[in-house]
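Residue-level structural notes
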Amino acid sequence: MTATTGIAAPASAATGPGVVVDYASTSVVQVKPREIRPHKDLFYADLTWTKLTPSTGAATGVRRINTCLPSCGDGNYKSDKVRLTFSRVRERVFTQVTVTAIGTGTVDSHPLPARGSSTP
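Keep in mind that what you see is a predicted model, and the values were worked out from it rather than measured.

**What about the sheet that holds strand β7 (residues 93-101)?**
An order of β3-β4-β5-β6-β7-β8 is seen for the six strands of this open sheet, with the pairing classed as antiparallel. Of all the strands in the sheet, just β3 (36-39) and β8 (107-111) have a single pairing partner and so form its edges. Averaged over all adjacent pairs, the angle separating strand axes in this sheet is 35°, with direction ignored. As judged from the ten bridges shared by strand β5 (residues 57-66) and strand β6 (residues 77-90), these two strands associate in the antiparallel manner. Paired with Arg64 across the strands is Ser79, a residue of β6.

**Observations regarding the environment of Ser25**
The residue Ser25 is located in the loop between β1 (19-20) and β2 (29-30) in this model. Sequence-wise, Ser25 and Arg115 are 90 residues apart; in three dimensions their C-alpha atoms are separated by 7.5 Å.

**Notes on the nonpolar core**
Formed by 15 residues in total, the largest nonpolar core has its most connected members in Ile36, Tyr44, Leu84 and Phe86. For this core, the secondary structure elements donating two or more residues are β4 (42-52), β6 and β7. Ranked by residues supplied to this core, first place goes to β4 with four residues. Ile36 has contacts with Val19, Val20, Val21, Phe43, Tyr44, Leu47, Phe86 and Leu112, leaving out every residue within four places of it along the chain.

**Re the pairing of β3**
As defined by bridge partners, β3 adjoins β4 across two bridges and the pair is classed as antiparallel. Paired with His39 across the two strands is Leu42, which belongs to β4. Counting the residues between successive antiparallel strands, the hairpin from β3 to β4 contains two residues.

**Some remarks on the side chain of Asp80**
Along the polypeptide, Asp80 turns up in strand β6. At 2.7 Å, the side chain of Asp80 forms a polar contact with the side chain of Arg63. Once residues lying within four places of it in the same chain are set aside, the contact partners of Asp80 are Gly61, Val62, Arg63 and Ala101.

**Some details on the confidence of the model for the chain**
Averaged over every residue, the pLDDT of the chain is 84; the share at 70 or more is 83%. Throughout residues 1-14 the model reports pLDDT below 50, and contacts reaching past four residues in sequence, or to other chains, amount to two contacts.

**A closer look at the pattern of salt bridges**
Oppositely charged side chains are able to pair whenever their charged atoms sit close together. Per the stated rule, a full pass over the model turns up one salt bridge. In this structure, Arg63 engages Asp80 in a salt bridge whose closest nitrogen and oxygen atoms are separated by 2.7 Å. Of the two residues, Arg63 sits in strand β5 while Asp80 sits in strand β6, which places them 17 residues apart along the sequence. The exposure classification of Arg63 matches that of Asp80, with both residues buried.

Rules of the game
- Residues numbered from 1 in each chain as written.
- Predicted model: local features only at pLDDT ≥ 70, side-chain atom pairs only at ≥ 80, totals over all residues.
- Heavy atoms only, no water.
- Pairing = 2+ DSSP bridges.
- Helix = DSSP H or I, 4+ residues; strand = E, 2+ residues; numbered from the N terminus.
- Axes fitted to C-alpha atoms, helices over the stretch in contact; angles between N-to-C directions.
- Core = buried A, V, L, I, M, F, W, Y, C linked by side-chain atoms within 4.5 Å.
- Buried < 20%, exposed > 50% of the residue type's maximum accessible area, 1.4 Å probe, protein only.
- Contact = heavy atoms within 4.5 Å.
- Polar contact = N/O pair within 3.5 Å; in protein donor to acceptor, adjacent residues only side chain to side chain.
- pLDDT = per-residue confidence, 0-100.
- Salt bridge = Lys/Arg side-chain N within 4 Å of Asp/Glu carboxyl O.

Below, the structure written as structure tokens:
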């Protein structure tokens, strides 16, 4: 018998914070999702998580942005490979992401939905 208590931490505590996977949802939160849609005309796909702690996360993937040309309804999307750094944990959900375009090094930061909403 070992000196440990034998009590395992809950799975959610062991895996770290999650992300609201769709801005319009009020309840869909996943830990290490493969895709997230933080705003109406923006989503991140094919995410590969490289780091996850109680306060930060990192992933690589593809950013797809609706260019809204000639109109948003046309759904003309621009894609680029990106590195994502997640931060600002509120109630076990990341609420901020810093995005670095892998090809150009362009850096952008924007909020993530904490609980979902009907507006971006």
